[in-house]
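One-letter residues, chain by chain:
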Amino acid sequence: MTTDERNPDRPHDHLISIVLPCYNEEEVLDRTHRRVTDAVRDLPHEIIYVDDGSSDSTWSLIEGFAAQDSTVRAVRFSRNFGHQAACLAGLAEAAGDAVVLMDADLQDPPELIPRMARAWLDGWSVVSARRTARHGESHLKKATAYAYYRILAGLSERPVALDTGDFRLLDRQVVDFLTGLSGERALFLRGAISWSGFAETSIEYERDARLAGGTKYTPRKMLALSRSGLLASGSALPLRLPTYIGAASLLGAAGVAAARRSVRRAVPLGVFGLQSLASGVLGEYLLAAFQQVQGRPPYLVARRTPEPRTANGSEPRRPIKEFV
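Not measured: the values here are computed from a predicted model. (Residues numbered from 1 in each chain as written. Predicted model: local features only at pLDDT ≥ 70, side-chain atom pairs only at ≥ 80, totals over all residues. Heavy atoms only, no water.)

Colleague: Looking at this structure, how should I read the confidence of the model for the protein?
Modeller: Predicted coordinates in regions of low pLDDT should not be interpreted in detail. Of the residues in the protein, 53% reach a pLDDT of 70 or more, and the chain-wide mean stands at 76. At the low end of the mean pLDDT range in the protein sits strand S9 (residues 322-323), at 50; at the high end sits strand S4 (residues 98-101), at 98. Note on residues 1-11: pLDDT under 50 across the span, and 14 contacts to partners over four residues away in sequence or across chains. Here residues 314-321 scores under 50 on pLDDT; set against residues more than four positions off or in separate chains, the count is 19 contacts. (pLDDT = per-residue confidence, 0-100. Helix = DSSP H or I, 4+ residues; strand = E, 2+ residues; numbered from the N terminus. Contact = heavy atoms within 4.5 Å.)

Below is the structure:
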């Protein structure tokens, strides 16, 4: 990247917003808050927690942080809407010139934030944290993650950062772009960031194991995120895949028929497999289109802290409810 493509004149009197999506993180949240505040102590900052419908004491802990620290703000969803929705809500709340997205389980070390901020001050619009190791995860999880990122990169119209999650610093211009996409029902932030084409660099780190609790990404949620990423990649390859597989299946069936001199056993197998695959691919796209035209918001905010005041300066009697 040339210097002309970057912005070396960005002012240094900036505000950094740190956004932490949370879902049932009561076991680790105290330590998370201490490490984040220590890491950004020398930076003008605000900390924004997004409680994604936790059923434990996560929200009570967050309210305590906000009562003791004026740099803390938070919103609580009416129910669990998912990690991507929580990230989007945090971006919408953030007032910073740059925003850092990171998980609350301390697998993403907050001590990297000053390094991200320095890279941002050098002119990079997106500073991603790239994992060189994933401690505390099974071999299956590591293998599937490795394969997924490379499949997604192969399908996407724009290059996608490999081995990179949502732990990133985003310039205000990037944040405004992403929050402007809130009408997309199944927004996949990593894909949208790559598609935007803003100047991006990365710093490497080893991802730590969880300090407490278990992963909130169940196999079902992992599959849902993978599906969203592949559908949002912008590639026509999944829709064309049945054609390619169909051609290969028919050629294979013809070969088997020629070898066995029996078309009855070869062709039905190839045709059935093609039909099942084609129906599944088309069904996924139709479901995504249906969810989009429903027009429902990606999340619903039920509470926020500190609570906004009414026109006469009193506290509102009921929780704030806000569609976004």
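Picking up where we left off.
Colleague: Hey, could you run me through the environment of arginine 79 in this one?
Modeller: With respect to the helices and strands, arginine 79 occurs in the loop between strand S3 (72-77) and helix H3 (83-93). Once the C-alpha coordinates of arginine 79 and serine 54 are considered, the two residues, 25 residues apart in sequence, prove to be 7.7 Å apart.

Colleague: Explain the packing of aromatic side chains to me, please; I cannot follow it from the model alone.
Modeller: Two aromatic rings are characterised by how far apart their centres lie and by the angle between their planes. By the definition in use, this model includes six aromatic pairs. Taking 5.1 Å as the distance between ring centres and 15 degrees as the angle between the ring planes, the aromatic pair formed by phenylalanine 77 and tyrosine 299 counts as stacked. Of the two residues, phenylalanine 77 sits in strand S3 while tyrosine 299 sits in the loop between helix H10 (263-294) and strand S8 (300-305), which places them 222 residues apart along the sequence. Joined through ring pairs, the aromatic side chains of Phe77, Phe81 and Tyr299 make up one cluster. A cation sits over an aromatic face here: arginine 79 above phenylalanine 81, 3.8 Å from the ring centre. (Phe/Tyr/Trp six-rings, centres within 6.5 Å; stacked < 30°, edge-to-face > 60°. Lys NZ or Arg CZ within 6 Å of the ring centre and 35° of its normal.)

Colleague: What's the story with the side chain of aspartate 166 in this structure? I'm lost.
Modeller: Along the chain, aspartate 166 turns up in strand S6 (residues 164-171). A polar side-chain atom of aspartate 166 sits 3.3 Å from a polar atom in the side chain of arginine 190. Apart from residues lying up to four places away in sequence, aspartate 166 is in contact with His83, Gln84, Leu101, Leu189 and Arg190. (Polar contact = N/O pair within 3.5 Å; in protein donor to acceptor, adjacent residues only side chain to side chain.)

Colleague: How should I be thinking about the environment of valine 126 in this particular structure?
Modeller: Turning to its location among the elements, valine 126 is positioned in strand S5 (residues 126-134). Remark: the alpha-carbon pair of valine 126 and valine 174, spanning 48 residues in sequence, is separated by 7.8 Å. What valine 126 contacts, discounting residues up to four positions off in sequence, is Arg168, Leu169, Leu170, Val174, Ile193, Phe198, Ala199, Glu200 and Thr201.

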